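# Fold and contact review
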Amino acid sequence: MKQHETKNYTTQIMTTLRSIFRIFFMTLGMTFIFSGTIVSFIILSNAYFEGSKSIDISGKIIDYSLGSRNNKHYIEIKDHQFERIIKLQVQQPYQIGQTFEKRMYIGKWGLLFLKK
């Protein structure tokens with residue numbers, strides 16, 4: 001690894017520790033970039049690859065929460081069509097026990113999304 005630093009350490013241990021420190025943080029940074037790229041690819045390919053189909057989601061809201069930092073609303077509904085609990089981020093507040101109905105799309109990877 002070519003070093004562009006002019007500082008010379010008096011011991012070889014400090015030079016080695018500096019190199020290990022740099023390699024560790026460079027590897028950590030590249031891991032975050034790679035992970036973000038993969039997650040973005042999954043989300044985009046879910047919506048734009050062929051095979052997405054329209055479904056109607058309806059069910060009772062069994063849990064509601066408000067995000068602490070960003071004022072986003074989260075609900076959990078018991079869906080009648082799939083017989084499972086679905087967690088969604090929504091635009092407005094809802095009450096527990098209220099009926100939630102929405103036409104959504106299920107993509108290639110099985111993730112639900114809305115088209116705007």
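Here the structure is a predicted model, which means the values were calculated and not measured.

Turning our eyes to something else, we now look at helix H1 (residues 12-48). Its 37 residues give H1 an end-to-end C-alpha distance of 54 Å, which sits within 8% of 54 Å, the value for a rise of 1.5 Å per residue. Those residues of H1 that sit buried are Thr15, Arg18, Ser45, Asn46 and Ala47. Against strand S5 (112-113) lie the buried residues of H1.

One ladder, built from eight bridges, connects strand S1 (residues 53-66) with strand S4 (residues 99-106); its direction is antiparallel. In the sheet register, Asp56 faces S4, and the bridge partner there is Arg103. Of the strand pairs in this sheet, S1 and strand S2 (residues 73-79) are connected by seven bridges, and their pairing is antiparallel. Counterpart to Tyr64 in the pairing with S2 is Ile75. Two successive antiparallel strands, S1 and S2, enclose a turn made up of six residues, where Asn71 displays a positive phi of approximately 55 degrees.

Turning to the pairing of strand S3 (residues 85-90), a few remarks are in order. Working note: regular strand, side chains alternate between the two faces of the sheet. Along S3, the buried face is formed by Ile86, Leu88 and Val90; none of Ile85, Lys87 and Gln89, which line the opposite face, is buried. Both S2 and S3 contribute to a ladder of six bridges, which runs antiparallel. Residue pairing for S3: His73 is matched across the bridge by Val90. In textbook terms, the turn of a hairpin is the stretch between consecutive antiparallel strands, and for S2 and S3 this stretch comprises five residues, one of which, Glu83, has a positive phi near 55 degrees.

Criteria and cut-off values
- Numbers given to residues run from 1 along each chain, matching the order in which its sequence is written.
- Per-residue local features are limited, in this predicted model, to residues with pLDDT of at least 70; the limit for side-chain atom pairs, both in listing and counting, is 80 or more; totals at the level of whole chains, interfaces and linings are taken over all residues.
- To obtain the side-chain values, all non-hydrogen atoms of the structure were included, while hydrogens and water were left out.
- Helix numbering and strand numbering both begin at the N terminus, where a helix is a DSSP run of H or I of at least 4 residues and a strand a DSSP run of E of at least 2.
- What a helix is expected to span follows from its residue count: subtract one and scale by 1.5 Å.
- Relative accessibility under 20% of the residue-type maximum defines a buried residue, over 50% an exposed one, and the middle range a partly exposed one, all with a 1.4 Å probe and only protein chains included.
- Should any heavy atoms of two residues lie within 4.5 Å, those residues are counted as being in contact.
- Here the rule is simple: two strands pair whenever DSSP picks up at least two bridges between them.

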